[in-house]
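# Descriptive analysis of the structure
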Amino acid sequence: MDRITPEIISAHNLTAEEFARIEELLGREPSLVELGIFSVMWSEHCSYKSSRIHLRRLPTTGERVIVPPGENAGVVDVGDGWCAAFKIESHNHPSFIEPFQGAATGVGGILRDIFTMGARPVASMNSLRFGSLDHPRYGRRNRSLLAGVVAGIAHYGNAFGVATVGGEVAFDDAYALNPLINAFALGLVRKDQIFFGKATGIDNPVLYVGAKTGRDGIHGATMASAEFDDAALAKRPTVQVGDPFLEKLLLEACLEAMRSGAVAGIQDMGAAGLTSSSCEMAARAGNGIELDLSLVPQREAGMTAYEMLLSESQERMLIVAHAGREREVIDIFRKWDLDAVVIGRVRDGRKMRVIHGGETVADIPVSALTDEAPRYERPMKAPVSSSEFRVSSSAHKRDPARTGDVAGWQRPLLRRESARRRETSRCGIGTQCRLRWRAADGDHQLFEFRFA
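As a starting point, this report considers the structure included with it. (Residues numbered from 1 in each chain as written. Predicted model: local features only at pLDDT ≥ 70, side-chain atom pairs only at ≥ 80, totals over all residues. Heavy atoms only, no water.)

### Considerations on the overall build of the protein chain
Threshold: Numbering of helices and strands runs from the N terminus; a helix is a DSSP stretch of H or I covering at least four residues, while a strand is a stretch of E covering at least two. Residue exposure (1.4 Å probe, protein chains only): buried if accessible area is under 20% of the type maximum, exposed if over 50%, otherwise partly exposed. Throughout, a contact is declared for two residues whenever any of their heavy atoms are within 4.5 Å. Under the convention used here, a 1.4 Å probe and the Shrake-Rupley method define accessible areas, while residue burial counts only the protein chains that appear.
Tallying secondary structure elements over the protein chain gives 16 helices and 16 strands in all. Of all 452 residues assigned to the protein chain, the portion counted as buried reaches 52%. Within the protein chain, contacts between residues separated by at least 24 positions form 78% of all contacts whose residues are at least 6 apart in sequence. Carbon and sulfur atoms make up 52% of the accessible area of the protein chain, which amounts to about 20100 Å² in all.

Pasting the structure below:
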């Protein structure tokens, strides 16, 4: 095995201190495959290593909270034996690199999180932030982002068959190179039919179901944790490509398999793909997991263990079936023309063991990937006031001689909207709505969506 160099460590977005901690946890130097596994599981996207200390301050309990944070989606009791499963997630960096697919797969990912809980998705929403459309340097890019993101959200939701029931968008220079693309999904499930992402039952079979694995999205979780600039566009291969029509089939197959009683646990292969789904399921159950990558359905020839573990190909799930009932699950998915293959087993010992070509390519304690991920308390400072923000952050200053008037760069946009203060328009999220100019606040363009 080639030695891991500082350049390889840096390319995996790991610090020298984090690599030293990995060696300490393993008691040896990791292989390249193991380094790739750590890089995605210890990324900001998967481990929340910088935000977890702040997220813990939020309230997470209540008499109606059925499933708190830690699962694929939150679930609350809405009465009469029904529960609402919901999830909101950002897809900022993928959308910056490839607006259409980045936004579309953001929608697809949270829809899978909903039906992974046993719920049928019934509605989606979104909250979007872009840089100013008339920005002298980034205006063209911002307009391209807006058009691509809006089209991607509409495409995936419409093709999948879930209505977008609301959304809102705002523009500000602060988002010129870092748009915020937040998607929300809601589903309904009976209280006694909720499923969890746990690898329970020693020796239970682990099934790979859904689309075949390709090379798209490799290191997508690591990419989504990095800072972005103009050079980030070169990372387009790390953005996944979605297929909403296939996901509709996956939804129906998963819900049917759940109703059969053959499913013990189920997890979406989202960020970090097969790696995160397998080790997170094992961690929640307090068990180990063993996978044979030679059995994974592949759509490209010659894929390595590294590529298969880190691929983020869309529309895939990992299912733990009850022993002896795997054939029922396979038959259901084949009826829906989807792959379903036993690729491993739940094991005792709390380790993630990965085999490829008859050789063990990864052997890692599950806790090292989850509980032992680093936690950082980053430097903080008080936010600036809105008046300070206007003066310091905008490249377009308000003309002091025109007190009370909107800034010059806003006037063309305002003129376009003020001709008809309320007009029917396609709001860009796939649903007919009312678009109204709500405010021209200094350097902020703010729209409000009202449905017709």
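### Details of the side chain of Q101
Residue placement: Q101 occurs in helix α7 (residues 99–116). Every residue in contact with Q101, bar those within four places of it in the chain, is listed here: V239, Q240, V241 and G242.

### What about helix α11 (residues 273–285)?
Going by this rule: What a helix is expected to span follows from its residue count: subtract one and scale by 1.5 Å.
For α11, spanning 13 residues, the distance from its first C-alpha to its last is 19 Å, which sits close to the expected 18 Å at 1.5 Å a residue. Phi turns positive one or two residues past the end of α11, at G286, with a value near 75°.

### Details of the pattern of salt bridges
Where we set the bar: The term salt bridge refers to a pairing of a side-chain nitrogen on Lys or Arg with a carboxyl oxygen on Asp or Glu at a separation within 4 Å.
Applying the stated criterion across every chain yields a total of 25 salt bridges. As a salt-bridge pair, E34 and R28 come within 2.8 Å of each other at their nearest N and O atoms. The exposure class assigned to E34 is buried, which follows from its relative accessible area of 2%. K248 is the partner of E252 in a salt bridge, and the nearest nitrogen-oxygen pair spans 3.0 Å. Here the residue E252 and the residue K248 both occupy positions in helix α10 (residues 244–260), the gap between them amounting to 4 residues, near one helical turn. K248 sits in the partly exposed class, given a relative accessible area of 31%. Ionic contacts of the salt-bridge type, sharing partners, join the residues D203, E290, R347 and R353 into one network.

### Structural notes on the environment of V241
Counting through the fold element by element, V241 comes out in the loop between α9 (220–223) and α10. Measuring from C-alpha to C-alpha, the distance between V241 and E98 comes to 9.8 Å, with 143 residues separating the pair along the chain. If sequence neighbours within four positions are ignored, V241 has contacts with Q101, T105, D216, Q314 and E315.

### A closer look at the packing of helix α3 (residues 32–41) against α11
The criterion, for reference: The angle between two axes is taken between their N-to-C directions and runs from 0 to 180 degrees, where each axis is a line fitted to C-alpha atoms and a helix contributes only its stretch in contact. Our angle categories are set so that under 35 degrees counts as roughly parallel, over 145 as roughly antiparallel, 65 to 115 as roughly perpendicular, and the remainder as oblique. Each residue is assigned to one of three groups, with Ala, Val, Leu, Ile, Met, Phe, Trp, Tyr, Cys and Pro labelled nonpolar, Asp, Glu, Lys and Arg labelled charged, and all others, Gly among them, labelled polar.
The interhelical angle for the contact between α3 and α11, taken along N-to-C directions, is 80°, at an axis separation of 10 Å. Compared by their axis directions, α3 and α11 come out roughly perpendicular. Contacts from I37, V40 and M41 of α3 reach α11 at T275, S276, C279 and E280. Partitioned by chemical class, the residues of the contact of α3 with α11 number 4 nonpolar, 2 polar and 1 charged.

### Let's talk about the packing of aromatic side chains
Going by this rule: Working definition: a ring pair exists when centres of Phe, Tyr or Trp rings (six-membered ring for Trp) sit within 6.5 Å. Plane angles under 30 degrees give stacked, over 60 give edge-to-face, the rest tilted. Charge-over-ring placement is defined geometrically: NZ (Lys) or CZ (Arg) within 6 Å of the ring centre, and within 35 degrees of the ring normal.
Summed over all chains, the structure comprises 2 aromatic pairs. Taking the centre distance of 5.3 Å and the plane angle of 85° together, the rings of F38 and W42 count as edge-to-face. Residues F38 and W42 agree in their burial class; the two are buried. The ring centre of W82 lies 4.7 Å from the NZ or CZ of R190, which sits over that ring. When the ring centre of F196 is taken as reference, the NZ or CZ atom of K198 above it lies at 5.7 Å.

### A look at unusual backbone geometry
Backbone geometry at E315 places phi at a positive 60°, although glycine is not the residue there. Following the sequence through the fold, E315 ends up in the loop between α12 (305–310) and β10 (316–321). Classification of E315 as buried rests on a relative accessible area of 2%. A positive phi angle is found at D337, which is not glycine, with a value near 60°. For D337, the position within the fold is in the loop between α13 (326–335) and β11 (339–347).

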